[in-house]
Amino acid sequence: IAGITQAPTSQILAAGRRMTLRCTQDMRHNAMYWYRQDLGLGLRLIHYSNTAGTTGKGEVPDGYSVSRANTDDFPLTLASAVPSQTSVYFCASSDSKGGGLDEQFFGPGTRLTVL
Amino acid sequence: QKEVEQNSGPLSVPEGAIASLNCTYSDRGSQSFFWYRQYSGKSPELIMFIYSNGDKEDGRFTAQLNKASQYVSLLIRDSQPSDSATYLCAVPPRDNYGQNFVFGPGTRLSVLP
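Residues numbered from 1 in each chain as written. Chains lettered and ligands numbered in written order. Predicted model: local features only at pLDDT ≥ 70, side-chain atom pairs only at ≥ 80, totals over all residues. Heavy atoms only, no water.

## Structural notes on the overall build of chain B
Stage number 1. Counting its secondary structure elements, chain B contains zero helices and eleven strands.
Stage number 2. A compact globule built from 113 residues should have a C-alpha radius of gyration of about 13 Å, and chain B, at 14 Å, falls within 12% of that.
Stage number 3. With 113 residues in all, chain B has 46% of them scored as buried.
Stage number 4. Intrachain contacts of chain B at a sequence separation of at least 6 include 55% that bridge at least 24 residues.
Stage number 5. Summing over all exposed atoms, chain B offers an accessible surface of approximately 5,300 Å²; the carbon and sulfur share of this is 45%.
Stage number 6. Averaging the locations of the 10 positively and 11 negatively charged side chains of chain B gives two centres separated by 3 Å. (Helix = DSSP H or I, 4+ residues; strand = E, 2+ residues; numbered from the N terminus. Rg over C-alpha atoms; globule rule 2.2 N^0.38 Å. Buried < 20%, exposed > 50% of the residue type's maximum accessible area, 1.4 Å probe, protein only. Contact = heavy atoms within 4.5 Å. Areas by Shrake-Rupley, 256 points an atom, 1.4 Å probe, with all protein chains shown as cover. Lys, Arg positive; Asp, Glu negative; His and termini not counted. Charge placed at Lys NZ, Arg CZ, Asp CG, Glu CD.)

## A short note on the pairing of strand β5 (residues 42-49) of chain A
All names here are of chain A.
Stage number 1. Across the eight residues that make up β5, a large majority, eight, are buried.
Stage number 2. Two strands pair when backbone bridges link them, and strand β4 (residues 31-38) and β5 are joined in this way by seven bridges, in the antiparallel orientation. From the neighbouring strand, Y35 faces β5, where its bridge partner is L45.
Stage number 3. Once β4 ends, the chain turns through three residues before running back antiparallel as β5, passing G40 with a positive phi of about 85 degrees.
Stage number 4. Summarising the sheet, β5 and strand β6 (residues 56-57) pair through two bridges and their orientation is antiparallel. Residue pairing for β6: H47 is matched across the bridge by K57.
Stage number 5. Taking the residues between adjacent antiparallel strands as the criterion, β5 and β6 are bridged by six residues, where G53 takes a positive phi near 95 degrees. (Pairing = 2+ DSSP bridges.)

## So, the side chain of D38 of chain A
All names here are of chain A.
Stage number 1. With respect to the secondary-structure elements, D38 resides in strand β4.
Stage number 2. We classify D38 as buried; its relative accessible area is 13%.
Stage number 3. Only 2.8 Å separates the side chain of D38 from the side chain of S87, close enough to count as a polar contact.
Stage number 4. Not counting residues up to four positions away in its chain, the partners in contact with D38 are R44, T86 and S87. (Polar contact = N/O pair within 3.5 Å; in protein donor to acceptor, adjacent residues only side chain to side chain.)

## Side note on the pattern of salt bridges
Stage number 1. For the structure shown, the criterion picks out six salt bridges over all chains.
Stage number 2. The partner of R44 of chain A in a salt bridge is D38 of chain A, and the shortest N-O contact between them spans 2.9 Å.
Stage number 3. For R44 of chain A, a relative accessible area of 18% corresponds to the buried category.
Stage number 4. Of the charged contacts in the structure, one is a salt bridge between R60 of chain B and D83 of chain B, with a shortest N-O distance of 2.9 Å. Placement of the pair is R60 of chain B in the loop between β6 (54-58) and β7 (61-66) and D83 of chain B in the loop between β8 (71-76) and β9 (85-91), with a sequence separation of 23 residues.
Stage number 5. The exposure class assigned to R60 of chain B is partly exposed, which follows from its relative accessible area of 26%.
Stage number 6. Salt bridges linked by common partners bring R36, D38 and R44 of chain A together as one network. (Salt bridge = Lys/Arg side-chain N within 4 Å of Asp/Glu carboxyl O.)

See the structure below:
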């Protein structure tokens, strides 16, 4: 079934630990994104990648890093987790050609709690 | 910084009524607008998009765009309890890729049976 998968579904993590959230898409979309969603703040872009081999910073990149070694995978790493990173994380992808008409498809999300 | 604003709600309407969801945006140059629906605990899914002034209809959903007023709305006719969700307005970038795709905070809709 085509789409985006994320792992894990949920995770409780001790502060200071390193954590990688995984995201894989099989739609051959060139662009991929990581968002965090917090109550009252909506979706905020953490990092994005327009194509394999390139990445960029979004609105809230501090404390997070990403890599895009191939088209399908876009992992998000928290080097040293802090409680303020408790959130729901969504990975998304789009067949982005610019022009402002590119639908983003979202994965099911990862609920992360940092204690 | 592009901003997208929505009333957080909750907006409560009785079953069968018209639900009206509103969104304003700050970037006068924005050309297109997306409406996403997000059920509780689920991921956002696209309902429709609009890029021309006026109305665009898709089944029970109608998007309305007024670029002069920087205002976009979503009307849901014959509202059903299954429409109860959070509705996100989103403004994609004009000419870059998706890094400037901005989402509003969402309006929570509750359709009462």
